[in-house]
Amino acid sequence: MANLTGKTAVVTGSTSGIGLAYARAFASAGANIVINGMGAPADIEKERAAIESDFKVKAIHSPADMTKPAEIAEMIALGEKTYGSVDILVNNAGIQFVSPIEEFPIEKWDAIIAINLSSAFHGIRAAVPGMKKRGWGRIINTASAHSLVASPFKSAYVSAKHGIAGLTKTVALEVATHKITCNCISPGYVWTPLVEKQIPDTMKARGLTKEQVINDVLLEAQPTKEFVTSEQVAALALFLCGDDAAQITGTNLSIDGGWTAE
Ligand code: NAD
């Protein structure tokens with residue numbers, strides 16, 4: 001397992017779901033953590049304190065809103081000021097909205113592009129100078145099976161995720177000689193609040209029951225007929241932070257129960 005003692009990881013959207021699993025995995029390997037995301041202050045504090053007590057590392061919360069470029073830069077600066085460096089950046093914050101394109105709310109399109117794609121640009125832009133100076137870095141973007149294939153009614157999400165796959169490759173090429181890698185991880189369906197919340201709209205858009213959405217839409221996409229777990233995604237991210245992964249860069253790593261093999 002990667003030893004991340006003395007390193008700092010910033011994980012966007014880590015008050016919940018996959019992001020929280022990343023934060024806990026990096027902490028288990030010794031990294032100090034900047035968690036980020038929305039939620040009730042008491043819930044966020046509980047998760048932050050649990051990271052510190054479970055893994056004997058330091059953890060702080062940045063309330064940066066991923067739609068606000070200046071706040072994203074402040075989040076990176078907070079990590080550097082608090083711990084002396086930001087060595088690992090995981091761009092993970094994301095939202096979903098499901099609707100036929102002709103009814104797709106314009107403000108939902110703008111929010112998804114901002115949170116799921118542009119925030120990664122702003123975070124990477126702010127973190128790369130410090131990584132270059134120190135000669136080491138790991139940038140991991142949570143993409144999706146939807147960075148490789150599409151599904152109907154997810155125009156903004158599929159566009160943002162295809163975009164993040166392109167951003168990943170571009171950044172990897174730019175930083176390749178600085179011992180900085182940049183990869184994206186593309187999960188299939190992981191049972192998190194993001195998936196749970198899209199079920200009512202998918203029921204409406206497709207005229208299905210909840211059970212039909214789970215079995216005939218979500219798990220239908222995955223040949224294994226099982227959800228991916230947040231912990232499995234986090235274990236892959238942790239591997240990417242180790243020395244064994246130093247030559248893995250610019251890739252789009254699927255963890256999708258075989259979805260994109262079809
Ligand atoms: P989640 O809803 O559990 O977590 C999303 C996180 O993003 C939360 O911490 C939330 O507070 C944060 N967030 C949302 N808007 C924000 C904003 N404006 N500023 C800061 N933080 C914000 O969802 P999840 O399923 O864990 O998703 C995490 C990532 O994984 C997303 O990028 C998502 O697209 C991707 N993904 C999820 C699945 C899945 O099946 N769950 C599959 C593939 C990819």
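Before reading further, recall that the structure is shown in the block above.
Residues numbered from 1 in each chain as written. Predicted model: local features only at pLDDT ≥ 70, side-chain atom pairs only at ≥ 80, totals over all residues. Heavy atoms only, no water.

Peer 1: Residues and numbers for the packing of helix 3 (residues 69–83) against helix 4 (residues 106–134), please.
Peer 2: Two packed helices can be described by the angle between their axes and the distance between those axes. Relative to each other, helix 3 and helix 4 sit at 35°, their axes nearing to 9 Å. In this structure, helix 3 crosses over helix 4, and the sense of that crossing is right-handed. Here helix 3 contributes Pro69, Ile72, Ala73, Ile76 and Glu80 to the contact with helix 4, which in turn contributes Ser119, His122, Gly123, Ala126, Ala127 and Gly130. Looking at the contact of helix 3 with helix 4 residue by residue, the classes come out as six nonpolar, four polar and one charged. (Axes fitted to C-alpha atoms, helices over the stretch in contact; angles between N-to-C directions. Helix = DSSP H or I, 4+ residues; strand = E, 2+ residues; numbered from the N terminus. Left-handed = near helix turned anticlockwise from the far one by under 90°. Contact = heavy atoms within 4.5 Å. Nonpolar A, V, L, I, M, F, W, Y, C, P; charged D, E, K, R; others polar.)

Peer 1: Hey, could you go over the site of the ligand for me, with residue numbers and the actual values?
Peer 2: The ligand sits among 30 residues. The nearest are Ser16, Asn92, Tyr157, Val190 and Thr192. At 3.3 Å from an oxygen atom of the ligand is found a main-chain nitrogen or oxygen belonging to Gly13. Within the side chain of Asp65, a nitrogen or oxygen atom sits 3.0 Å from a nitrogen atom of the ligand. Within the complex, 93% of the 820 Å² of free accessible area of the ligand lies under protein. (Near = heavy atom within 4 Å. Polar contact = N/O pair within 3.5 Å; in protein donor to acceptor, adjacent residues only side chain to side chain. Areas by Shrake-Rupley, 256 points an atom, 1.4 Å probe, with all protein chains shown as cover.)

Peer 1: Now, about the sheet that holds strand 5 (residues 137–142): what can you tell me, with residues and values included?
Peer 2: The strand order across the open sheet formed by seven strands is 3-2-1-4-5-6-7, and the pairing between neighbours is parallel. Looking at which strands have only one partner, the edges of the open sheet turn out to be strand 3 (59–62) and strand 7 (252–255). Direction aside, the axes of adjacent strands within the sheet are offset by 20° on average. Judged from the four bridges that link them, strand 2 (residues 32–36) and strand 3 form a sheet pairing that is parallel. By the bridge assignment, Val34 is partnered in strand 3 with Ile60. (Pairing = 2+ DSSP bridges.)

Peer 1: Describe the environment of Pro200, and please don't skip the residues or the numbers.
Peer 2: As for its position among the elements, Pro200 is in helix 6 (residues 193–206). A residue is classified by how much of its surface remains accessible, and Pro200, at 49% relative accessible area, is partly exposed. (Buried < 20%, exposed > 50% of the residue type's maximum accessible area, 1.4 Å probe, protein only.)

Peer 1: Explain the nonpolar core to me, and be specific about the residues and the numbers.
Peer 2: With 34 residues, the main nonpolar core has Leu4, Tyr22, Phe26 and Ile33 as its most contacted residues. Put simply, the parts of the chain that give this core at least two residues each are strand 1 (8–11), helix 1 (17–28), strand 2, helix 2 (41–55), strand 4 (88–91) and helix 8 (230–240). Sequence-distant contacts of Phe26, defined by excluding residues within four places in its chain, comprise Leu4, Ala9, Val11, Ala31, Ile33, Ile88, Val90, Ala237, Leu238 and Cys241. The next biggest cluster of nonpolar side chains, apart from the first, holds 28 residues, and it includes Tyr83, Leu89, Val171 and Ala172. (Core = buried A, V, L, I, M, F, W, Y, C linked by side-chain atoms within 4.5 Å.)

Peer 1: Quick one: what's the story with the pairing of strand 4, residue by residue and with numbers?
Peer 2: Neither face of strand 4 is open: one carries Ile88 and Val90, the other Leu89 and Asn91, and all of them are buried. Direction of pairing for strand 1 relative to strand 4: parallel, over a ladder of three bridges. Residue Val10 lies in a different strand from strand 4, and its bridge partner there is Leu89. Pairing analysis gives four bridges linking strand 4 to strand 5, with the strands arranged parallel. Within the sheet, the bridge partner assigned to Leu89 lies in strand 5 and is Ile139. Handedness of the crossover joining strand 4 and strand 5 through helix 4: right-handed. (Right-handed = clockwise from strand over helix to strand, strands pointing away.)

Peer 1: Account for the pattern of salt bridges, naming residues and giving values.
Peer 2: Inspection of every chain in the model, using the stated rule, returns six salt bridges. We note a salt bridge from Arg134 to Asp87, for which the minimum N-O separation is 3.5 Å. Of the two residues, Arg134 sits in helix 4 while Asp87 sits in the loop between helix 3 and strand 4, which places them 47 residues apart along the sequence. For Asp87, a relative accessible area of 6% puts it in the buried group. The salt bridge involving Glu220 is made with Lys225; its shortest N-O contact spans 3.8 Å. We classify Glu220 as partly exposed; its relative accessible area is 46%. Overlapping salt bridges bring together Glu45, Arg48 and Glu52 as one network. (Salt bridge = Lys/Arg side-chain N within 4 Å of Asp/Glu carboxyl O.)

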